[in-house]
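Examining the three-dimensional arrangement
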Amino acid sequence: DAGITQSPRYKITETGRQVTLMCHQTWSHSYMFWYRQDLGHGLRLIYYSAAADITDKGEVPDGYVVSRSKTENFPLTLESATRSQTSVYFCASSETDRGPYQPQHFGDGTRLSIL
Amino acid sequence: GENVEQHPSTLSVQEGDSAVIKCTYSDSASNYFPWYKQELGKGPQLIIDIRSNVGEKKDQRIAVTLNKTAKHFSLHITETQPEDSAVYFCAASLDTGRRALTFGSGTRLQVQP
């Protein structure tokens, strides 16, 4: 039971570089989410996806791009990394076929440092 | 949009004591309130959740209460143990297609043995 996995777990890169964070889930959940976690802010939604090929912005989408060509994968790309994007990134997923109150299941995160 | 405030930011209790964490939310349309526990180096793990048509829910040593009128909800942990030490997050969600959670800023709970 692999659940939801994120890769890499740690990443150091430089400003201006493109970096992609990967998220893979084995449950066939329809919904997937990307959050960033910063001290004092809890977790903030970057992007979410209701199904393959359906994505939408969250609270803090600027500087990020997502895609969802397959249900199980939801990569997050920083097209030109900035220091303000140094953070811990969490991917999550949830079901849709059991009513509206669906818990989200989180991966263990990617710690991204931008120098 | 929704705003969730969480207090306290840190909480230290003696083993065996109770711990209470409180959250308030701004959008009266929010109807789902989960609580997550996050251990060091791990992602948040759901520990209990409550829906807006329920006032209280218990699961062993953990309970959550919801006051819709006042727009606040609380997590109660009884008989705390050292393994309860972690960061706890409350969250709120609307029943919309978006289904995203708005999180509080977290409470670091330390249980002293």
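Everything discussed here concerns the structure shown above.
These remarks concern the structure in this document. Within every chain, residues take consecutive numbers counted from 1 along the sequence as written. In the order they appear in the text, chains get letters beginning with A and ligands get numbers beginning with 1. In view of the model being predicted, local features appear only for residues whose pLDDT reaches at least 70, and side-chain atom pairs are presented and counted only at 80 or more, with totals across whole chains, interfaces and linings using the full set of residues. With hydrogens and water excluded, all non-hydrogen atoms of the structure serve as input to the side-chain values.

Comments concerning the pattern of salt bridges
- In what follows, salt bridge is the name for a side-chain nitrogen of Lys or Arg lying within 4 Å of a carboxyl oxygen of Asp or Glu. In the structure shown here, the tally under the stated rule is 7 salt bridges over all chains.
- Residue K57 of chain B pairs with D49 of chain B through a salt bridge whose shortest N-O separation is 2.9 Å.
- When salt bridges that share partners are traced, they join R36, D38 and R44 of chain A into one network.

Things to note about the sheet that holds strand β8 (residues 72-77) of chain B
Residue and element names in this part refer to chain B.
- Between any two strands, at least two bridges found by DSSP are needed for them to pair. Helix and strand definitions here come from DSSP, where helices need a minimum of 4 consecutive H or I residues and strands a minimum of 2 consecutive E residues; each element is numbered from the N-terminal end. The strand order β1-β3-β8-β7-β6 describes an open sheet built from 5 strands, whose pairing is antiparallel. In this open sheet, the two strands that pair with only one neighbour each are β1 (4-7) and β6 (56-59). Sheet twist, expressed as the average angle between the axes of neighbouring strands with direction ignored, equals 15°.
- Of the strand pairs in this sheet, strand β3 (residues 19-25) and β8 are connected by 6 bridges, and their pairing is antiparallel. What sits directly across from C23, in β8, is F73. Only the stretch in contact is used when fitting a helix axis, every axis being a line fitted to C-alpha atoms; angles between N-to-C directions are given from 0 to 180 degrees.

Some details on the packing of aromatic side chains
- Centres within 6.5 Å are what make two rings of Phe, Tyr or Trp a pair, Trp counting through its six-membered ring; a difference in plane orientation under 30 degrees is then read as stacked, over 60 as edge-to-face, and the rest as tilted. On inspection of all chains with the given rule, the structure shows 14 aromatic pairs over all chains.
- Seen from their ring centres, Y25 of chain B and F33 of chain B are 4.7 Å apart, and the 45° between their planes marks the pair as tilted.
- Given the relative accessible area of 6%, Y25 of chain B is considered buried.
- When accessible area is computed with a 1.4 Å probe and restricted to protein chains, residues below 20% of their type maximum are described as buried, those above 50% as exposed, and intermediate ones as partly exposed. F33 of chain B sits in the buried class, given a relative accessible area of 0%.
- Aromatic rings pair up to connect Y31, F33, Y35, Y48 and F106 of chain A together with Y36, F89 and F103 of chain B into one cluster.

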